[in-house]
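# Summary of structural features
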Amino acid sequence: MKRRRSEARYATAPGLAGTMTTPGIAGTWEWDPATGCFILDEGAAELMAGDAGLAGHPLRGERATAGLDASAAARFLGDVRHAAGQEDDVAVDLWVPSLSGPKRRLLCRGRIHRDARQHPVRGEGKLIDTADPGVQARTLHELESAAAADAVDEAAELIIAARRAIDASGKPRLRQLVDVLLLEIAREIASRSSDVDRQQH
C-alpha cells in the first residue's frame, strides 16, 4: 500500500513544477526511499538534472543530478543516503553551472520523514540561492522556519481530509484519535500566529 500511495503522489507531482515565489528558493525536490527516485520542480530540474522538462517525473539519482558536476552529485546523493540511514537532516552546499558567469552556490536543505518504526518514508528539500536578494533580506533560519510552517499547513490539509473519510466510516475511536491530531496542529498554527504578532509589535 505504501508503494501505491507514493506512486499516486508522483501522479500529482506536476503541481511541484509551479514557479517558486518564496524569496531565495531556487527549487524543491522530493525523494522516495522505496524506489530511490527523486521528483524535482522546474527550478530543481533545471539546476540539478540540467533539464526543466523533467520536472514532475520520477528520476533515478544519476538522472536527477545529471546537471551537476560529478563531485557535487556525489555529495548530494551521499548526504541524502546518510540522512536516511543515520540522521534526518540533509545539508549540503552545491555549486551549479551558470550561463551568465561563475557557478552559482546553492544551499541544499532537506529533511527525511519517518514512520512510527523510524523507517524513512519520504525526503524533501529546497535549493536556496545565496545570490538571490531575498536571501540577504531573510536569514536562513527564517527560510527554514517558513518551510516548516508549509509542512504543518500541508499536514493540516491531509488530516482534515482524513477526518472526513473517517466520518464516513462511522468509527468513533478513529474520530477521537484524528481529532487529537487536529487539535495539536491547530495549536501549532495558533502559536505561529502569536509569534508573528509579537514580532510585529
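Preceding this section is the structure that the text describes.
Computed from a predicted structure; not experimentally measured.

Applying the stated criterion to the full structure yields 7 salt bridges. Close ionic contact of D93 with R109 constitutes a salt bridge, the shortest N to O distance being 3.4 Å. Note that D93 is positioned in strand 3 (residues 89–96) and R109 in strand 4 (residues 104–114), a separation of 16 residues in sequence. A salt bridge links D167 to R163; its shortest N-O distance comes to 2.0 Å. Residue D167 and its partner R163 are both found in helix 6 (residues 140–169); the two are separated by 4 residues, about one turn of the helix. Judged by its relative accessible area of 36%, D167 falls in the partly exposed class. A network of salt bridges, in which partner residues are shared, links D93, R105 and R109.

Turning our eyes to something else, we now look at the sheet that holds strand 2 (residues 37–40). With antiparallel pairing, the 5 strands of this open sheet are ordered in space as 2-1-5-4-3. Both outer strands of the open sheet, strand 2 and strand 3, are each paired with one neighbouring strand and no more. For this sheet, the mean inter-axis angle between neighbouring strands, taken without regard to orientation, is 20°. Two strands pair when backbone bridges link them, and strand 4 and strand 5 (residues 120–129) are joined in this way by 9 bridges, in the antiparallel orientation. Looking at the pairing, C108 lines up with L127 of strand 5. In this fold helix 2 (residues 42–49) packs onto strand 1 (25–32), strand 2, strand 3, strand 4 and strand 5, with an angle of close to 85° to the strand it touches most, strand 1.

Definitions and cut-offs
Residues numbered from 1 in each chain as written. Predicted model: local features only at pLDDT ≥ 70, side-chain atom pairs only at ≥ 80, totals over all residues. Heavy atoms only, no water. Salt bridge = Lys/Arg side-chain N within 4 Å of Asp/Glu carboxyl O. Helix = DSSP H or I, 4+ residues; strand = E, 2+ residues; numbered from the N terminus. Buried < 20%, exposed > 50% of the residue type's maximum accessible area, 1.4 Å probe, protein only. Pairing = 2+ DSSP bridges. Axes fitted to C-alpha atoms, helices over the stretch in contact; angles between N-to-C directions. Contact = heavy atoms within 4.5 Å.

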